[in-house]
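# Notes for the structure review
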Amino acid sequence: MTTDATDVAGDTYEKLLALLDERGAAYRVIEHAPEGATEAVSALRGHTLDRAAKCIIAMVKIGKKEKRFALVVVPGDRRIDLDAVKALYGGTYVSFASPETAEELAGSPSGTILPFSFDERLELIVDPDLLVQPEFFFNAARLDRSIALSAEDYRAIAAPRVERVSAG
């Protein structure tokens, strides 16, 4: 990762904390060994996979000329249902965004993508199953820091579109 990418991720981390503090969110910062894989980082943080937010950016083509990007957030024990995402947009094709595009839109490296969108080109879609727990966990734009965040505060602050976008 280049210095520029590290700087951008640091800015995204600071932007997140500032937003959570400004809105009075109930959250905790958890420091841990650097890890981006959902299963491994969940073990480091000490919680079950269903309480982890798995954040992936999808690209949906609508017809031949329009392309949309969605930040899709599902529980860590589920996978993203790309067909469900495509259907939400009435799309003709869907795939995961390229790592370069995902990192640019998210403002952080893969494995550290937040369940928040700070880019107007990126619509936030969250599976309702993630929000059933009182709090959930995610890497905070860094491999060595995570956030445990109140699901209620998350909904109020991030204002995600809540749709069934996960599969077992």
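Residues numbered from 1 in each chain as written. Predicted model: local features only at pLDDT ≥ 70, side-chain atom pairs only at ≥ 80, totals over all residues. Heavy atoms only, no water.

## Notes on the sheet that holds strand S1 (residues 27-31)
Note the cut-off: Two strands make a pair as long as DSSP finds a minimum of two bridges between them. Every helix listed is a DSSP run of H or I at least four residues long, and every strand listed is a run of E at least two residues long, numbered separately from the N terminus. Convention adopted: a line fitted to C-alpha atoms gives each axis, helices being fitted over their contacting stretch, and angles between N-to-C directions are expressed from 0 to 180 degrees.
Strand order in this open sheet of three strands is S1-S8-S7, and the pairing throughout is antiparallel. Across the chains shown, the open sheet's two edge strands, defined by having one partner strand only, are S1 and strand S7 (135-142). Averaged over all neighbouring strand pairs, the angle between strand axes comes to 25°, with direction disregarded. Taken together, the five bridges between S1 and strand S8 (residues 145-150) define a ladder with antiparallel strand orientation.

## Comments concerning the environment of glycine 90
Residue position: glycine 90 is located in the loop between helix H3 (82-89) and strand S5 (93-96). Remark: the alpha-carbon pair of glycine 90 and glycine 10, spanning 80 residues in sequence, is separated by 35 Å.

## Remarks on the side chain of serine 42
This is how the line gets drawn: Two N or O atoms count as a polar contact when they lie within 3.5 Å, although within protein this holds only if one can serve as hydrogen donor and the other as acceptor, and sequence-adjacent residues are included solely when both atoms are side-chain atoms. What makes two residues a contact is simply this: any of their non-hydrogen atoms within 4.5 Å.
Positionally, serine 42 belongs in helix H2 (residues 38-45). Here the side chain of serine 42 touches threonine 38 through a polar contact of 2.8 Å, landing on its backbone oxygen. Sequence-distant contacts of serine 42, that is, excluding residues within four places in its chain, are made with His47, Leu49 and Ala52.

## Quick notes on the sheet that holds strand S2 (residues 53-62)
The strands that make up a sheet are held in pairs by hydrogen bonds between backbone atoms, and each pair lies either parallel or antiparallel. Taking strand neighbours across the sheet as the criterion, the five strands line up as S5-S2-S3-S6-S9 in an open arrangement whose pairing is mixed. Every other strand in the sheet has two partners, leaving S5 and strand S9 (161-162) as the edge strands with one partner each. Sitting on the sheet, helix H4 (residues 99-106) touches S2, strand S3 (66-75) and strand S6 (122-126), and the angle it makes with S2 is about 110°.

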